[in-house]
Amino acid sequence: VHYPSTRIGDVFFLIMSMSSCDVFFDAPRSLPPSLFDEHAWRAKDGLTKNVYVRVRPESGCHIRLSDGTSTNEVPLGVPFFFESELFRGTAMLRLRDVPGSQDVDGDRAYFKGRKRKFRFVVTGEFKKPTRFSDIWTGQAWDRALLQLPPRWLVELGVSVFRRIARGLRADFSSEKPMALSLLASTMQTVHAHSAEESRQLLASDEAQRQLPWFVCPTADVPEHLPQLTERLGRTQVSPRKRKTTLMNPEGMSSDLYFQPGTVYSFDAYQGVFDAHKYVLDVGAGIVVDISKHLDEQCIEVMATNGNDEYAWCFEIWHKNVLTNKNA
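Just so it is clear, the model here is predicted, and its values are computed rather than measured. (Residues numbered from 1 in each chain as written. Predicted model: local features only at pLDDT ≥ 70, side-chain atom pairs only at ≥ 80, totals over all residues. Heavy atoms only, no water.)

Draft legend 1. Representation of the overall build of the protein in the model. Scanning the protein from terminus to terminus reveals 11 helices and 18 strands. Taken across its 327 residues, the protein has 55% of its residues classed as buried. Counted over contacts in the protein with a minimum sequence separation of 6, partners at least 24 positions apart contribute 71%. (Helix = DSSP H or I, 4+ residues; strand = E, 2+ residues; numbered from the N terminus. Buried < 20%, exposed > 50% of the residue type's maximum accessible area, 1.4 Å probe, protein only. Contact = heavy atoms within 4.5 Å.)

Draft legend 2. The arrangement of helix α10 (residues 239-246) in detail. Every buried residue of α10 is accounted for by R242, K243, T244, T245 and L246. The elements touched by buried residues of α10 are β10 (178-182), α5 (183-186), β11 (189-192) and α9 (226-232).

Draft legend 3. Expanded view of unusual backbone geometry. At D97, a position not held by glycine, the phi torsion is positive, near 65°. Along the chain, D97 turns up in the loop between β5 (87-95) and α3 (104-111). Owing to a relative accessible area of 58%, D97 belongs among the exposed residues under this scheme. The phi angle at Y278 is positive, at roughly 55°, despite the residue not being glycine. The topology assignment puts Y278 in the loop between β14 (273-274) and β15 (279-283).

Draft legend 4. Just the environment of T130, in detail. Counting through the fold element by element, T130 comes out in strand β7 (residues 130-131). Residue T130 is classed as buried on the basis of its relative accessible area of 9%. The sequence separation of T130 and F258 amounts to 128 residues, and the corresponding C-alpha distance is 5.1 Å. Sequence-distant contacts of T130, that is, excluding residues within four places in its chain, are made with I135, L256, Y257 and F258.

Draft legend 5. Representation of the confidence of the model for the protein. Predicted confidence across the protein gives a mean pLDDT of 84, with 84% of residues reaching 70 or more. Averaged pLDDT values for the elements of the protein fall to 48 in helix α1 (residues 7-17) and rise to 98 in helix α8 (residues 212-215). Ignoring residues within four places in sequence, the model shows residues 1-6, a span with pLDDT below 50, making 11 contacts including any to other chains. Here residues 15-23 is modelled with pLDDT under 50, and outside its nearest four sequence neighbours on either side it reaches 44 contacts, counting other chains as well. (pLDDT = per-residue confidence, 0-100.)

Draft legend 6. Geometry of the sheet that holds β5. The sheet built from seven strands is open, its strands ordered β3-β2-β4-β5-β6-β13-β11 with antiparallel pairing. The open sheet terminates on both sides in strands that have one partner only, identified here as β3 (70-71) and β11. Alignment of strand β2 (residues 62-64) against β3, held across two bridges, turns out to be antiparallel. Its bridge partner being in β3, I63 is matched across the sheet by T71. (Pairing = 2+ DSSP bridges.)

Draft legend 7. Structural detail: α3. Of all the residues in α3, the buried ones are G106, D107, Y110 and F111. Seen from one end, α3 has its buried residues packed into an arc of 120°, which puts them on one side. Projecting away from the buried face of α3 at angles above 90 degrees are the exposed residues D105 and R108. Structurally, α3 contributes buried residues whose contacts are with β5, β6 (118-126) and β13 (264-270). (Arc of directions from axis to C-beta.)

Draft legend 8. Structural view of the packing of aromatic side chains. Tallied over the full model, the rule gives 19 aromatic pairs. Consider the rings of Y264 and F266, whose centres lie 6.4 Å apart with planes at 20°: the pair is stacked. A relative accessible area of 0% means that F266 is categorised as buried. An aromatic cluster is built from F80, F82, F87, F120, F126, F132, F258, Y264, F266, W312 and F314, whose rings are joined through pairwise contacts. (Phe/Tyr/Trp six-rings, centres within 6.5 Å; stacked < 30°, edge-to-face > 60°.)

Draft legend 9. Quick peek at the pattern of salt bridges. A complete count under the given rule lists 22 salt bridges for this structure. In this structure, R64 and D205 form a salt bridge, with 2.3 Å as the shortest nitrogen-oxygen distance. Here D205 lies in helix α7 (residues 205-209) and R64 lies in strand β2, a separation of 141 residues in the sequence. A residue is classified by how much of its surface remains accessible, and R64, at 32% relative accessible area, is partly exposed. Among the charged side chains, a network of salt bridges with common partners joins R114, R116, R119, D220 and D267. (Salt bridge = Lys/Arg side-chain N within 4 Å of Asp/Glu carboxyl O.)

Encoded structure:
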């Protein structure tokens, strides 16, 4: 299976990498932020923001900044430490053209010459042994999407994606629409750090923040997953091969584990979701304003085991989501 470096390939990645998991459990949903909340919609420089990113309140995830303070708002463009029931580590979120970034120059360097509009990178440790097949990422909403194309057309699209990814669980036309896939098969790159490097990285938050992808804006996470290469009898496995091998939850992904004491880095990026405009730019002049379809629900970046436990869960809100309900 080939994942093309085209807008269509990005569409597939986007569907697979957005978030939530009510297909597995009926987790309580957070209330949207108020349009009158100045803290949410005003940047530190006093400018008004159209995008607000926060920890999902019910996720059990907590952020600690480099100065030791805690916050519910996800800082943009800079690494931050977080901890949840399943995971602890350092993450960084870059959103193209979104006001409020704390590293505008770094954003400019990262996105320059690339079609990418979104980048989420995370490094850390799972707190308990966890099967690859138990950690899911994707999108799920509490309420039906609004103004969808005809049901037969939506289901035809889902069937096409299922032929590409046997592990995809998707239904966009139900009362609780969703599209979920395994984290290990969805990320653009996955890197398992060596025992010695993991020991050093777990010794302090600062050690994680000094990794190349947190320091140099243009540095990507290199692919390196020894558990998989050993199982396949190879010296190296490409991201494409990893995705196709691990996408089936009943396959090899059920035999491999994220182990405590081993630090993993995940890199997720795509060029379709434009958070600044809250649209999907699928190319060929086709731009979809998703704020009109979400019914006051948001896009999330998350990973979960489906048992009401999250590795991470961050909500990306846009003012248009809160004003376009009846548009």
